[in-house]
Amino acid sequence: MDQAPGSPPQGPPHQEPHGARELPVCYRHPDRETGIRCTRCERPICPECMVNASVGFQCPDCVRSGSGTGHAPAASAPRTLAGGTVTADPRLLTKLLIGINLAVFLVQLSVGDRFTDRFELLGQAYVPLLGSVEGIAQGQWYRLLTAMFLHGNFVHILFNMLSLWWIGGPLEAALGRARYFALYFSAGLAGSALTYLIAAPNQPSLGASGAIFGLFGATAVLMRRLRYDMRPVIALLVINLIFTFGWSNIAWQAHIGGLVGGVVVGYAMVHAPRQRRALVQYGVCALVLAAVVLMTVLRTAQLT
């Protein structure tokens, strides 16, 4: 365009100093700069998201759709930070867990205390509604697991399910379904076992809080691994611990056991060496479960 009469002369366009422009960031990991782009959709991808294609690299979305890689989508499936498979619905397992908890709570409301008394965590005690001595010490080890899906009232299940959605959903996406499943149940069982070991044998306990505290612990480990600001998750964890020890009728043993189990398993999930990743991750889960069995056997020996 010609310069208008009387206007000051225009100089050369402003140029950024050499090196001032930042590299683009990975579309799946905004905290990581990268100079690599998907050969199909041209979105920037970091080394973790790069999947070998017939020419260059493709992003997980293009691989999942089977677009031009020359092989089936499962042949080079994209992986999460922990080595899990990237899925179309990264929160599916969290949704299923919430659905199971809600369904069991509806059964509790329909059947009544007789159902809850049969499946809640109980060391050893006479249960009037069942007319017999019940508990884990009587060989009912299933109570370690079933208690994780029972809740005492509407406030209890509402708080736990909201926590499971807020914390569990992102964690499932970061770990992958199989590893998230292993983390959830390892932490939950660790909380149940510590409750059985320490609490009074006639003190019933129930709720998903042990597993959810495990997710809290694993989330803190993951955020530290990614160098995110940990203050929000630490503040949330501190608030929950204050409620744990300052509120009556809360099984703090389940919370602490689940938290410790979640930190241990979470650390293995995100820090396992790539060459032996699955072996280390599931091996640590097996060690946690072995500790659960050991605590259960010791307590049973004390009560029988």
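Details of the structure are given in the entry above.
A brief look at the structure comes next.

1. Some remarks on the pattern of salt bridges
Under the criterion given, the structure shown has four salt bridges. A salt bridge links Glu-48 to Arg-32; the shortest N-O distance between them is 2.8 Å. Pair noted here: Glu-48 is in the segment before strand E1 (51–52) and Arg-32 is in the segment before E1, with a separation of 16 residues, a long-range link. Glu-48 sits in the partly exposed class, given a relative accessible area of 22%. Taking the shortest distance from any N to any O, the salt bridge between Arg-43 and Asp-61 comes out at 3.0 Å. Here Asp-61 lies in helix H1 (residues 60–64) and Arg-43 lies in the segment before E1, a separation of 18 residues in the sequence. On the accessibility criterion, Arg-43 (30% relative accessible area) is partly exposed. What makes Asp-61 partly exposed here is its relative accessible area of 28%.

2. Description of helix H10 (residues 277–303)
Between its first and last C-alpha atoms H10 spans 40 Å; for 27 residues at 1.5 Å apiece the expected length is 39 Å, and the two agree. Taken residue by residue, H10 has Arg-277, Gln-281, Val-284, Cys-285, Val-288, Val-292, Met-295, Thr-296, Arg-299 and Thr-300 as its buried positions. Taken together, the buried residues of H10 touch helix H4 (143–146), helix H6 (177–198) and helix H9 (252–271).

3. A look at the environment of Gly-83
Along the chain, Gly-83 falls in the loop between H1 and helix H2 (92–111). Here the alpha-carbon distance between Gly-83 and Met-269, two residues 186 residues apart in the chain, equals 8.5 Å. Beyond its immediate sequence surroundings of up to four residues, Gly-83 is in contact with Arg-179 and Arg-277.

4. What about unusual backbone geometry?
Phi is positive for Glu-42, which is not a glycine, with a value near 65°. Structurally, Glu-42 can be placed in the segment before E1. The exposure class assigned to Glu-42 is exposed, which follows from its relative accessible area of 55%. At Arg-227, a position not held by glycine, the phi torsion is positive, near 60°.

5. Structural notes on the packing of helix H5 (residues 154–175) against helix H7 (residues 209–225)
One can describe the packing of H5 onto H7 by two numbers: an axis separation of 9 Å at closest approach and a directional angle of 35°. Our pair here, H5 against H7, has a crossing hand that is left-handed. Contacts between H5 and H7 involve His-156, Asn-160, Ser-163, Leu-164, Ile-167, Gly-168, Leu-171 and Ala-174 from the former and Ser-209, Ile-212, Leu-215, Phe-216, Ala-218, Thr-219 and Leu-222 from the latter. Its residues assigned to classes, the contact of H5 with H7 comprises nine nonpolar, six polar and no charged.

6. Quick notes on a nonpolar patch on the surface
A cluster of nonpolar side chains, contributed by Leu-158, Leu-162, Trp-165 and Trp-166, occupies part of the molecular surface with about 430 Å² of accessible area. The exposure class assigned to Leu-162 is partly exposed, which follows from its relative accessible area of 37%.

7. Digging into the nonpolar core
In this structure, Leu-97, Leu-164, Leu-171, Tyr-184 and Leu-215 are the most contacted members of the largest nonpolar core, which totals 53 residues. At the level of elements, H2, H5, H6, H7, H9 and H10 are the ones that each hand at least two residues to this core. At 10 residues, the largest contribution of residues to this core is made by H6. Contacts of Leu-215, omitting those with residues within four sequence positions, involve Leu-164, Ile-167, Gly-168, Leu-171, Tyr-180, Leu-183 and Tyr-184. The next biggest cluster of nonpolar side chains, apart from the first, holds seven residues, and it includes Cys-38, Ile-45, Cys-46 and Cys-62.

8. Overview of the packing of aromatic side chains
Evaluation of the coordinates by the stated rule reveals seven aromatic pairs. Measuring from centroid to centroid gives 5.3 Å for Phe-105 and Phe-154, while their planes differ by 85°, and the two rings are edge-to-face. Of the two residues, Phe-105 sits in helix H2 while Phe-154 sits in helix H5, which places them 49 residues apart along the sequence. Judged by its relative accessible area of 58%, Phe-154 is exposed. Pairwise contacts between aromatic rings join Phe-149, Phe-181, Tyr-184 and Phe-185 into one cluster. Of note, Arg-43 hangs over the ring of Tyr-27, and the distance from its end group to the ring centre comes to 4.0 Å. Looking at Arg-91, its charged tip hangs above the ring of Trp-165, at a distance of 4.6 Å from the centre.

Parameters and conventions
Residues numbered from 1 in each chain as written. Predicted model: local features only at pLDDT ≥ 70, side-chain atom pairs only at ≥ 80, totals over all residues. Heavy atoms only, no water. Salt bridge = Lys/Arg side-chain N within 4 Å of Asp/Glu carboxyl O. Helix = DSSP H or I, 4+ residues; strand = E, 2+ residues; numbered from the N terminus. Buried < 20%, exposed > 50% of the residue type's maximum accessible area, 1.4 Å probe, protein only. Expected span 1.5 Å × (residues − 1). Contact = heavy atoms within 4.5 Å. Axes fitted to C-alpha atoms, helices over the stretch in contact; angles between N-to-C directions. Left-handed = near helix turned anticlockwise from the far one by under 90°. Nonpolar A, V, L, I, M, F, W, Y, C, P; charged D, E, K, R; others polar. Patch = residues over 30% accessible without salt bridge, like charges linked within 9 Å, V, L, I, M, F, W, Y side chains within 5 Å. Areas by Shrake-Rupley, 256 points an atom, 1.4 Å probe, with all protein chains shown as cover. Core = buried A, V, L, I, M, F, W, Y, C linked by side-chain atoms within 4.5 Å. Phe/Tyr/Trp six-rings, centres within 6.5 Å; stacked < 30°, edge-to-face > 60°. Lys NZ or Arg CZ within 6 Å of the ring centre and 35° of its normal.

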